[in-house]
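Spelled out from the first residue to the last, the chains are:
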Amino acid sequence: MQRPNPFRWLAYAFGARLPERHRRWVLHDVTCRTWWLRHLARTAVQLTPLLALLYLVVPGPPWVRLGAIMSGAFIGFFYSLVYMVEAAETRVMKAGYPVGAAASTREARRSEQHVEARRRYDEIYRDERGRGDRPG
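Bear in mind that the values here come from a model prediction, so they are computed numbers and not experimental data.

**A look at the packing of aromatic side chains**
- With the rule as written, the count across this model stands at 3 aromatic pairs.
- Ring centres of Y12 and W25 lie 5.3 Å apart, and the angle between their planes is 65°; this geometry places the pair in the edge-to-face category. Linking Y12 in helix α1 (residues 6–13) with W25 in helix α2 (residues 23–29), this pair joins segments that are 13 residues apart in sequence.
- Taking relative accessible area as the criterion, W25 reaches 2% and is therefore assigned buried.
- Ring geometry for F78 against Y79: centres 5.5 Å apart, planes inclined by 80°, an arrangement best described as edge-to-face.
- Among the residues examined, F78 registers a relative accessible area of 45% and is labelled partly exposed.
- R23 extends its terminal NZ or CZ atom over the ring of Y97, reaching a point 3.9 Å from the ring centre.
- The positively charged end of R65 is found above the aromatic ring belonging to Y55, 4.5 Å away from the centroid.

**Side note on the pattern of salt bridges**
- Throughout the structure, instances matching the rule amount to 5 salt bridges.
- With its nearest N and O atoms 2.9 Å apart, the salt bridge here joins D29 to R38.
- Looking at D29, the relative accessible area reads 2%, which means it is buried.
- With relative accessibility at 23%, the residue R38 sits in the partly exposed group.
- For R42, the salt bridge identified is with D29, shortest N-O distance 2.6 Å. With R42 in helix α3 (residues 35–57) and D29 in helix α2, this pair connects stretches of sequence that are 13 residues apart.
- The exposure class assigned to R42 is buried, which follows from its relative accessible area of 3%.

Quick notes on the rules
- Residues numbered from 1 in each chain as written.
- Predicted model: local features only at pLDDT ≥ 70, side-chain atom pairs only at ≥ 80, totals over all residues.
- Heavy atoms only, no water.
- Phe/Tyr/Trp six-rings, centres within 6.5 Å; stacked < 30°, edge-to-face > 60°.
- Helix = DSSP H or I, 4+ residues; strand = E, 2+ residues; numbered from the N terminus.
- Buried < 20%, exposed > 50% of the residue type's maximum accessible area, 1.4 Å probe, protein only.
- Lys NZ or Arg CZ within 6 Å of the ring centre and 35° of its normal.
- Salt bridge = Lys/Arg side-chain N within 4 Å of Asp/Glu carboxyl O.

So, in structure tokens, the structure goes:
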């Protein structure tokens, strides 16, 4: 798995398609444990230039401009969160994966975690006969 360089990542953050050699990284990027934090980081990168420009262009006292920018950032992050799953699917489609690949990969990882958690639970709270009696 090869990570993109900072310039390619910046283009990727704005929606560009990465070369084929980064295909596995794109799937990892939208399916790892912190995929939603990565999504928010990309959103921040997308919003920052626009919000900075608005702060410089919009007339008025600094506190009014700052309030307007914070409101815009709130709305931007809200819509980003609402369409987070769809954005992830679009990214993996651009990388050449079928529709639903990101969601199914995340679900498979989640089910593996559930199996492991169930095994640990059974070790602690089930006796050797399989009854639900608590040890001790």
